[in-house]
Amino acid sequence: MNPFALAAGALTLLALGAHAFVGAREFRQFAPRPTAGAPRMAWVQALSGWHWVSVDLLLATALFVLIGAADVVPDEPTVLLGLSLYFAACGVAWLVTVAVTGRRSGPGRFVQLGQWIFCLVVAGLALAAR
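Owing to the predicted nature of the structure, the values given are computational and were not obtained by experimental measurement.

Enquirer: Explanation requested: the overall build of the chain in the structure shown.
Expert: Helix and strand counts for the chain come out as 5 helices and 0 strands. Its helices and strands taken in sequence order, the chain reads α-α-α-α-α from the N to the C terminus. Along the three orthogonal principal directions, the C-alpha set of the chain runs to about 50 × 35 × 20 Å. Across the 130 residues of the chain, 32% fall into the buried class.

Structure, rendered in structure tokens:
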């Protein structure tokens, strides 16, 4: 049993639920009319990307739980390093995006748009699980 991997799996499972269900429902509030042309296509593309993240969270959850609870994943340290690097990269990309695009929003935006914190915590748990 690997408690760090299980903790990362629990966090990604919670994020998956929030992302796939709550966030997708909120996302639909911004949908342009079906006849809106380019804005509608941009919204559909963004929604598709949104659910791409849901798939990432689902697969990460599965890997973390399998690594944490069973011994079925070959070369677990390498898989965990890959997951750690992936979540660290996502966290840094999120943080940079918030920093660059929200300068007029004030420093509170870093907490309000704090998904980068989640990503870095999961990256740290994956690294600790190695």
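Enquirer: Is there a simple way to explain helix α3 (residues 76–101) in this structure?
Expert: Because an α-helix packs 3.6 residues into every turn, residues spaced three or four apart end up facing the same way. Here α3 is 26 residues long and its end C-alpha atoms lie 37 Å apart, about the 38 Å a rise of 1.5 Å per residue gives. Turning to α3, its buried residues are Glu76, Leu80, Leu83, Ser84, Phe87, Gly91 and Val98. Where the residues of α3 are buried, they touch α1 (3–28), α2 (38–69), α4 (109–112) and α5 (115–129).

Enquirer: Just to check I follow, could you spell out the confidence of the model for the chain for this structure?
Expert: For residues with low pLDDT, the predicted coordinates do not support detailed interpretation. Confidence in the prediction for the chain averages 92 pLDDT; 100% of positions are at 70 or higher. Taking the mean pLDDT of every element in the chain, the minimum, 88, falls on α4 and the maximum, 97, on α5.

Enquirer: Help me out: how do you make sense of the packing of α1 against α2 in this one?
Expert: Working note: a packed helix pair is described by the angle between its axes plus the distance between those axes. Their axes nearest at 8 Å, the elements α1 and α2 cross at an angle of 160 degrees. Taken together, the axes of α1 and α2 lie roughly antiparallel to each other. For the pair α1 and α2, the sense of crossing is left-handed. Taken together, the residues of the contact of α1 with α2 sort by class into 21 nonpolar, 8 polar and 1 charged.

Enquirer: Help me out: how do you make sense of the packing of α1 against α5 in this one?
Expert: Where α1 contacts α5, the axes come no closer than 8 Å and their chain directions differ by 155 degrees. Classified by the interaxial angle, the pair formed by α1 and α5 is roughly antiparallel. Between α1 and α5 lies a crossing of left-handed hand. Across the interface between the two elements, Phe4, Ala5, Ala7, Ala8, Leu11, Thr12 and Ala15 from α1 touch Phe118, Val121, Val122, Leu125, Ala128 and Ala129 from α5. A breakdown of the residues in the contact of α1 with α5 according to their chemical character gives 12 nonpolar, 1 polar and no charged.

Cut-offs used in this document
Residue numbers here run from 1 along each chain, matching the order of that chain's written sequence. In keeping with the model being predicted, local features are shown solely for residues with a pLDDT of at least 70 and side-chain atom pairs are shown and tallied solely at 80 or more, while totals for entire chains, interfaces and linings include all residues. By convention in this description, side-chain values take in all heavy atoms of the structure and omit both hydrogens and water. Secondary structure elements follow DSSP: runs of H or I no shorter than four residues count as helices, runs of E no shorter than two count as strands, and numbering proceeds from the N terminus. To sort residues, take the accessible area from a 1.4 Å probe on protein chains only and compare it with the maximum for the residue type: under 20% means buried, over 50% means exposed, and anything in between is partly exposed. Between the first and last residue of a helix there are one fewer steps than residues, each counted as 1.5 Å, and that sum is the expected span. Contact definition: two residues touch when any of their heavy atoms are within 4.5 Å. Per-residue confidence from the predictor is reported as pLDDT, which spans 0 to 100. Axes here refer to lines fitted to C-alpha atoms; in helices the fit is confined to the stretch in contact. Angles between the N-to-C directions go from 0 to 180 degrees. Note that the term roughly parallel is reserved for angles under 35 degrees, roughly antiparallel for angles over 145, roughly perpendicular for angles of 65 to 115, and oblique for everything else. Each helix crossing is assigned a hand: it is left-handed if the near helix lies turned anticlockwise from the far helix by less than a right angle, otherwise right-handed if that turn is clockwise. In this classification, Asp, Glu, Lys and Arg are treated as charged, Ala, Val, Leu, Ile, Met, Phe, Trp, Tyr, Cys and Pro as nonpolar, and every other residue, Gly included, as polar.

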